[in-house]
Amino acid sequence: MKNLMTSIHQFVEDRDWNQFHSPKNLSMALGIEVAEMQEHFQWLTQEESKNLSEQKLQNVKEEIGDVLIYLIRICQVLEIDPIKAANEKMILNKQKYPVEKSKGNMKKYNEL
């Protein structure tokens, strides 16, 4: 992860793109990339979405790369450790979704 973050930082520095990478702009770009990933699944059945063609899977893989890059950039700009943030969120999720209440249940935590 550290190597990827360094590579992304250098890529942006080399192109003088920090001036464009405000949290607002990055979050908008992230949302657009997520939508581009979702577009590959639009109108597919659940079964079809699990069995993508090689080309479709490659397209989704590229969009996932874009999503991760923008997410990392937001973390860099806001000085957030993404691994720490995810670990802290998992602790909260375990509290909100205890196994005994949520196992096999798709309800939101406030409906359990």
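Figured I'd write up the structure that's included with this text.

Procedures and definitions
- Residues numbered from 1 in each chain as written.
- Predicted model: local features only at pLDDT ≥ 70, side-chain atom pairs only at ≥ 80, totals over all residues.
- Heavy atoms only, no water.
- Helix = DSSP H or I, 4+ residues; strand = E, 2+ residues; numbered from the N terminus.
- Contact = heavy atoms within 4.5 Å.
- Expected span 1.5 Å × (residues − 1).
- Buried < 20%, exposed > 50% of the residue type's maximum accessible area, 1.4 Å probe, protein only.
- Arc of directions from axis to C-beta.
- 1 Å grid on protein atoms, 1.4 Å probe; cavity = no way out; pocket = protein on both sides within 12 Å on 5 of 7 lines; lining within 4 Å.
- Points joined across faces, edges and corners; volume = space filled by probe spheres on them.
- Nonpolar A, V, L, I, M, F, W, Y, C, P; charged D, E, K, R; others polar.
- Patch = residues over 30% accessible without salt bridge, like charges linked within 9 Å, V, L, I, M, F, W, Y side chains within 5 Å.
- Areas by Shrake-Rupley, 256 points an atom, 1.4 Å probe, with all protein chains shown as cover.
- Salt bridge = Lys/Arg side-chain N within 4 Å of Asp/Glu carboxyl O.

All right, on to the environment of Glu 63 then. If you trace the backbone, Glu 63 turns up in helix H4 (residues 54–78). Sequence-wise, Glu 63 and Val 34 are 29 residues apart; in three dimensions their C-alpha atoms are separated by 7.4 Å. Excluding anything up to four places from it in sequence, Glu 63 contacts Glu 33, Glu 36, Met 37 and His 40.

Further remarks concern helix H1 (residues 2–14). With 13 residues, H1 should cover 18 Å at 1.5 Å per step; its first-to-last C-alpha distance of 18 Å lies within 8% of that length. Listed as buried for H1 are Met 5, Ile 8 and Val 12. The buried residues of H1 occupy one face: seen down the axis, they fall within an arc of 65 degrees. With respect to the buried face of H1, the exposed residues turned more than 90 degrees away are Lys 2, Asn 3 and Asp 14.

So, about the layout of surface pockets. Approximately 250 Å³ is the volume attributed to the largest pocket. Forming the boundary of the largest pocket are 14 residues, of which Phe 11, Trp 17, His 21, Ile 69 and Tyr 70 lie nearest the centre. Contributions of two or more residues to the lining of the largest pocket are made by H1, helix H2 (23–39) and H4. Residues that form the lining of the largest pocket fall into these classes: nine nonpolar, two polar and three charged.

A word on a nonpolar patch on the surface. Where nonpolar side chains cluster on the molecular surface, the patch consists of Met 1, Leu 4, Leu 68, Leu 71 and Ile 83 and spans about 410 Å² of accessible area. With respect to the secondary-structure elements, Ile 83 resides in helix H5 (residues 82–96). Classification of Ile 83 as partly exposed rests on a relative accessible area of 45%.

Over its 25 residues, H4 runs 36 Å from end to end, which matches the ideal 36 Å to within 8%, given 1.5 Å per residue. Downstream of H4 by a residue or two, Glu 79 has a phi angle that is positive, lying close to 55 degrees.

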